[in-house]
Amino acid sequence: MKAVLEGSHAVSEAVRMARVAVMSAYPITPQTHIVEALSEYCADGTMDARFICVESEHSAMAAVIGAASGGVRTFTATSSHGLALMHELLHWASAARLPIVMAEVNRALGPGWNIWMDQTDSLAQRDTGWIQLYCEDGQEALDTTLQAFRLAEAVNLPVMVVLDAFFLSHTYEPVDVPDQAAVDRFLPPLDPRIKLDYGDICAMSQMAPPGVYMEMRRDIQKGFERVPGAFAETEAAFADVFGRGYGVMEAVACDDAETILVLTGTAAGTGRQVIDALRAEGEKVGMLKLKMFRPFPVREIRSVLGGAQKVAVVDRNFSFGASGIFAQEIRAALYNGKSHPPVFGYIAGLGGRDVTVDTLETIYRMTRERETPEAESVWVGLN
Amino acid sequence: MAIRDFLRERFFPHMWCPGCGHGIVLNNMLRAIQTLGMSKNEIAMVSGIGCSSRISGYVDFHTLHTIHGRALAFATGLKMSMPELNVIVPMGDGDALSIGGNHFIHACRRNIAMTALVMNNRIYGMTGGQFSPLSGYGTLATTAPYTNIDHGFDVVDLAISAGATFVARTTTYHAKQMADIIREAIIHDGFSVVEIMTQCPTYFGRKNKLGDASNMMEWMKDITTPVGSKAKEENPDLIERGIFVQKELPEYCSEYNKVIERAMKGRS
Ligand SMILES: Cc1ncc(C[n+]2csc(CCOP(=O)(O)OP(=O)(O)O)c2C)c(N)n1
Ligand code: SF4
């Protein structure tokens, strides 16, 4: 059924239909609408679930880890400082191999208090062992949330579904909301591999001395190595039921492209328009929309970008003392490949500044005019 | 100094809703400070995040607008590096006792000289009316559409048992008392806690059908009574207001200096 939904509610609808059993969250703008809807569903009986209101995000993730240890499907949502406060528990959730799903709304970190779009919060959590999936629009947010549960449960790793603040979280769009029976066909009940069992005593998260710790870490990485296969399987099953799919990335007009723009989140939507306009002018330009950030899809990146003459990465985030984070990762991915086109890094749209058609066209022209990048990062649209 | 000189007028109009009690707190806090005759440079205000915490944007003192729940921790660091400052820490009930609850009890215990103002509107105003640890059993909030089952803290009892050496409660209805209490709290050499019951007509008032801001203020008049009043004996449900604790105990910064002296054994 088509409905006009806010991005946040596309996520909460997916969580409702995923039959999550326990949720916990602490309010923070611009994530709050997601959990407000869910707490209402718990309270009025729409969902047979428990919603735990806690005193901070740190406690929210701890509560969800506790619930997941009991072998039930769990969900939380946060943003910005809330995610930063969860940091300790993010490591814990992945190393405990719990299939928790979290919606994270990309918002800037302070000081300079700012509630608007910026990707640094989620990207700063790249080493915590969470699968990260970035969404372009409301439909993708709904679909990815549903997929996230199946993927997480296939590999026993937590998944972060990432949405742009306001541009996605608070924008109303027509979204196809599937019916429960279809979702049930796609997403069977959780059959937990890790759970506290009334009949079988076990000790979780015990001390791990040097003799075992390294193997445990290697096992987590093995889990990550299984993600591409599990994601493909998830997408195939999703396409069977719903006829849609996204891939770990999407290459738009890349086959003969000399310059490829790499975009994420809602900026990819703007990118589609820019590619059409530039192609109409005869420019050989393409776009790579990156959806999966962890695990980083190195093989696919090489195959799409390796053939281009130039790559321009638009980062709505920054790693101080280095460069934009997507650009960093793409440079590293290309380095050991057969061909490595120069990677032009652009910083745009921090703290809610809009990335417009003009911004992207400027970036394209700047890239086209230069043989090699003038710096690791060029800041675009500064006042 | 005129009250207006304490304001950063360039940041006005303020962001509070019409009828919000936070403005009354700002007003009476400034009146208290005015009677103390302090210069602006002697005062530092450290706040966290919330509608209440925006107060630090509007006053022309040294101000630090910090992280949700952490204002007291930041303030402790500031006070230890600049002990001569008068540090005032306004906080919402969520800021002070939910995410910041741990800092709150430890600041009380440490008895470091600063003034914590808990602007208690019994709800998370800024994020849209979710219940807080002060909403209380049976209240309504966006996250408790069918009534809240969490029991609330009593800020005064909590502060007393955690060791604060000045503990008081007042309301936005009792504006004159509020200014007097804040004045005493600032002068006090130790950790002072003032709970100020205030109204959030937009969320707590609307959700709990308490009428508009003036109805809510009348209500706060009706449900409170001066400390030790006879009315309390007759109606134990009344909430007492006034000063509960005002005692001298060694203050943290001075004690710290004594430790240094002891360690130095007279050397310099
Ligand atoms: C780590 C973190 N989590 C959540 C938030 C979002 N947040 C901002 S203010 C607030 C609560 C405000 O309530 P309160 O402290 O009672 O103040 P009021 O707005 O009612 O004055 C919350 C949850 C945040 N800024 N940082
Ligand atoms: S939401 Fe409530 S606390 Fe916030 S400004 Fe409005 S009335 Fe005041």
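Since the structure is predicted, the reported quantities are computational estimates derived from the model, not experimental observations. (Residues numbered from 1 in each chain as written. Chains lettered and ligands numbered in written order. Predicted model: local features only at pLDDT ≥ 70, side-chain atom pairs only at ≥ 80, totals over all residues.)

**Details of the overall build of chain A**
Move 1: Along the backbone of chain A there are 13 helices and 15 strands.
Move 2: Its C-alpha radius of gyration of 21 Å places chain A within 12% of the 21 Å reference for a compact globule of 383 residues.
Move 3: Referenced to the eigenvectors of the C-alpha coordinate spread, the extents of chain A come out at roughly 70 × 55 × 45 Å.
Move 4: Of all 383 residues assigned to chain A, the portion counted as buried reaches 51%.
Move 5: The contacts of chain A with a sequence gap of at least 6 include a subset with a gap of at least 24, amounting to 80%. (Helix = DSSP H or I, 4+ residues; strand = E, 2+ residues; numbered from the N terminus. Rg over C-alpha atoms; globule rule 2.2 N^0.38 Å. Buried ≥ 20, exposed ≤ 12 C-beta atoms within 10 Å, placed from the backbone. Contact = placed C-beta atoms within 7 Å.)

**Observations concerning the overall build of chain B**
Move 1: Looking only at helices and strands, one finds 11 helices and 8 strands in chain B.
Move 2: Computed over the C-alpha atoms, the radius of gyration of chain B is 18 Å, within 12% of the 18 Å expected from 2.2 N^0.38 for a compact globule of 268 residues.
Move 3: Residue burial in chain B is summarised as follows: out of 268 residues, 50% are buried.

**Side note on the site of ligand 2**
Move 1: In the vicinity of ligand 2, the contacting residues are Trp-16, Cys-17, Cys-20, His-22, Cys-51, Asn-121, Gly-125, Met-126, Cys-200, Pro-201, Thr-202 and Tyr-203 of chain B.
Move 2: Residue contributions to the shell around ligand 2 peak at 3 residues, all from helix 8 (residues 201–207) of chain B. (Near = placed C-beta within 6 Å.)

**Comments concerning the site of ligand 1**
Move 1: As a matter of local geometry, ligand 1 sits amid 25 residues, with Gly-50, Ser-52, Gly-92, Gly-94 and Gly-125 of chain B nearest to it.
Move 2: Those chains with residues close to ligand 1 are chains A and B.
Move 3: Those elements that place two or more of their residues in the shell around ligand 1 are helix 4 (80–95) of chain A together with helix 4 (93–97) of chain B.
Move 4: Along the lines of polarity and charge, the residues of the shell around ligand 1 split into 11 nonpolar, 11 polar and 3 charged. (Nonpolar A, V, L, I, M, F, W, Y, C, P; charged D, E, K, R; others polar.)

**Some details on the pairing of strand 13 (residues 310–315) of chain A**
All names here are of chain A.
Move 1: Among the 6 residues that make up strand 13, 6 are buried, leaving the element largely enclosed by the rest of the structure.
Move 2: Burial of the side chains of strand 13 extends over both faces: Lys-310, Ala-312 and Val-314 are buried on one face and Val-311, Val-313 and Asp-315 on the other.
Move 3: Of the strand pairs in this sheet, strand 10 (residues 259–263) and strand 13 are connected by 4 bridges, and their pairing is parallel. Across the sheet, Ile-260 pairs through a bridge with Val-311, a residue of strand 13.
Move 4: Across 5 bridges, the pairing between strand 13 and strand 14 (residues 343–347) is parallel. (Pairing = 2+ DSSP bridges.)

**Quick word on the packing of helix 11 (residues 298–305) of chain A against helix 12 (residues 325–335) of chain A**
Residue and element names in this part refer to chain A.
Move 1: Across the interface, helix 11 lies against helix 12 with an axial gap of 9 Å and an inter-helix angle of 80 degrees. Between helix 11 and helix 12, the crossing angle belongs to the class labelled roughly perpendicular. Note on element contacts: helix 12 touches helix 11 through Ile-330, Ala-333 and Leu-334, opposite Val-298, Ile-301, Arg-302 and Leu-305.
Move 2: A per-class count over the contact of helix 11 with helix 12 returns 6 nonpolar, no polar and 1 charged. (Axes fitted to C-alpha atoms, helices over the stretch in contact; angles between N-to-C directions. Parallel < 35°, antiparallel > 145°, perpendicular 65-115°, else oblique.)

**Here's the deal with the environment of Glu-281 of chain A**
Move 1: Within the element layout of this structure, Glu-281 of chain A appears in the loop between helix 10 (267–280) and strand 11 (285–290).
Move 2: In the structure, Glu-281 of chain A is positioned 180 residues away from Val-101 of chain A in sequence and 43 Å away in space, judged by C-alpha atoms.

**Observations concerning the domain arrangement of chain A**
Residues and elements named next belong to chain A.
Move 1: Segmenting chain A into domains produces domain 1 (2–241) and domain 2 (249–379).
Move 2: One C-alpha centre belongs to domain 1, the other to domain 2, and the line joining them spans 27 Å.
Move 3: At the interface, 24 residues of domain 1 touch 20 residues of domain 2.
Move 4: The set of elements that each furnish at least two residues to the side of domain 1 that touches domain 2 consists of helix 5 (120–123), strand 6 (131–134) and helix 9 (227–242). (Domains from an automatic or database assignment.)

**Details of the sheet that holds strand 5 (residues 166–171) of chain B**
Residue and element names in this part refer to chain B.
Move 1: The strand order across the open sheet built from 8 strands is 2-1-3-4-6-5-8-7, with neighbouring strands paired in mixed fashion. A single partner strand is all that each edge strand has here, and the edge strands are strand 2 (62–65) and strand 7 (224–226). Neighbour to neighbour, the strand axes of the sheet diverge by 20 degrees on average, direction disregarded.
Move 2: In the sheet, strand 3 (residues 86–92) pairs with strand 4 (residues 114–120) via 5 bridges, with the strands oriented parallel. Counterpart to Ile-88 in the pairing with strand 4 is Thr-115.
Move 3: Helix-sheet contacts for helix 7 (residues 175–187) involve strand 3, strand 4, strand 5, strand 6 (191–197) and strand 8 (239–246), and the interaxial angle to strand 5 is about 160 degrees.

**Section: helix 5 (residues 101–110) of chain B**
Residue and element names in this part refer to chain B.
Move 1: What helix 5 keeps buried is the set His-103, Phe-104, Ala-107 and Cys-108. End-on, the buried residues of helix 5 take up no more than an arc of 135 degrees, which puts them together on one face.
Move 2: For helix 5, the secondary structure elements touched by its buried residues are helix 3 (71–81), helix 4, strand 4, helix 6 (155–162) and strand 6.
Move 3: Remark: Asn-111 follows helix 5 within two positions and exhibits a positive phi of approximately 50 degrees. (Arc of directions from axis to C-beta.)

**A short note on the sheet that holds strand 15 (residues 378–379) of chain A**
Residues and elements named next belong to chain A.
Move 1: Here we have 6 strands laid out as an open sheet, ordered 9-11-10-13-14-15, and mixed in their pairing. The open sheet has two free edges, formed respectively by strand 9 (249–252) and strand 15, since each of these has just one partner strand.
Move 2: Both strand 14 and strand 15 contribute to a ladder of 2 bridges, which runs parallel. Looking across to strand 15, one finds that Ile-347 is bridged to Trp-379.
Move 3: Of the strands in this sheet, strand 10, strand 11, strand 13 and strand 14 touch helix 12, which is tilted by about 150 degrees from strand 13.

**Some thoughts on the nonpolar core**
Move 1: Residues Val-161, Leu-261, Val-262, Val-314 and Ile-330 of chain A are the most contacted members of the largest nonpolar core, which totals 116 residues.
Move 2: It is helix 6 (residues 138–155) of chain A that provides the largest number of residues to this core, a total of 8 residues.
Move 3: Here Val-161 of chain A is in contact with Val-11, Val-101, Ala-103, Leu-133, Cys-135, Ala-141, Thr-144, Thr-145 and Ala-148 of chain A, once residues within four sequence places are set aside.
Move 4: Ala-116, Ile-186, Phe-191 and Met-197 of chain B belong to the second largest nonpolar core, which has 62 residues in total. (Core = buried A, V, L, I, M, F, W, Y, C linked by C-beta atoms within 7 Å.)

**A short note on helix 3 (residues 57–69) of chain A**
Residue and element names in this part refer to chain A.
Move 1: Between the first and last C-alpha of helix 3 there are 18 Å, a value that for 13 residues agrees with the 18 Å anticipated at 1.5 Å per step.
Move 2: What helix 3 keeps buried is the set Glu-57, Ser-59, Ala-60, Met-61, Ala-63, Val-64, Ile-65, Ala-67 and Ala-68.
Move 3: Buried residues belonging to helix 3 abut strand 2 (22–25), strand 3 (50–53), strand 4 (74–79) and helix 4.
Move 4: Count one or two residues on from helix 3 and you reach Gly-71, which has phi positive near 85 degrees. (Expected span 1.5 Å × (residues − 1).)

**Examining unusual backbone geometry**
Residue and element names in this part refer to chain A.
Move 1: Residues Thr-29 and Pro-30 are joined by a peptide bond in cis, for which omega reads 0 degrees.
Move 2: Topologically, Pro-30 is positioned in the loop between strand 2 and helix 2 (32–43).
Move 3: Residue Arg-294 is joined to Pro-295 through a cis peptide bond whose omega torsion reads -5 degrees.
Move 4: In this structure, Ser-80 is a non-glycine residue whose phi angle is positive, near 45 degrees.
Move 5: Structurally, the position occupied by Ser-80 is in helix 4.

**So, the confidence of the model for chain B**
Move 1: Considering every residue of chain B, the mean pLDDT works out to 96; 100% of them sit at 70 or more.
Move 2: Prediction confidence for the complex, expressed as pTM and ipTM, is 0.96 and 0.94 respectively. (pLDDT = per-residue confidence, 0-100.)

**Details of the packing of helix 10 of chain A against helix 13 (residues 357–369) of chain A**
Residues and elements named next belong to chain A.
Move 1: Two elements in contact, helix 10 and helix 13, have axes whose closest approach is 9 Å; the angle formed by their N-to-C orientations is 55 degrees. Classified by the interaxial angle, the pair formed by helix 10 and helix 13 is oblique. As for how helix 10 packs across helix 13, the hand of that crossing is right-handed. Where helix 10 approaches helix 13, its residues Thr-270, Gly-271, Gln-273, Val-274 and Leu-278 are matched on the opposing element by Val-357, Leu-360, Glu-361 and Tyr-364.
Move 2: Partitioning the contact of helix 10 with helix 13 into residue classes produces 5 nonpolar, 3 polar and 1 charged. (Left-handed = near helix turned anticlockwise from the far one by under 90°.)

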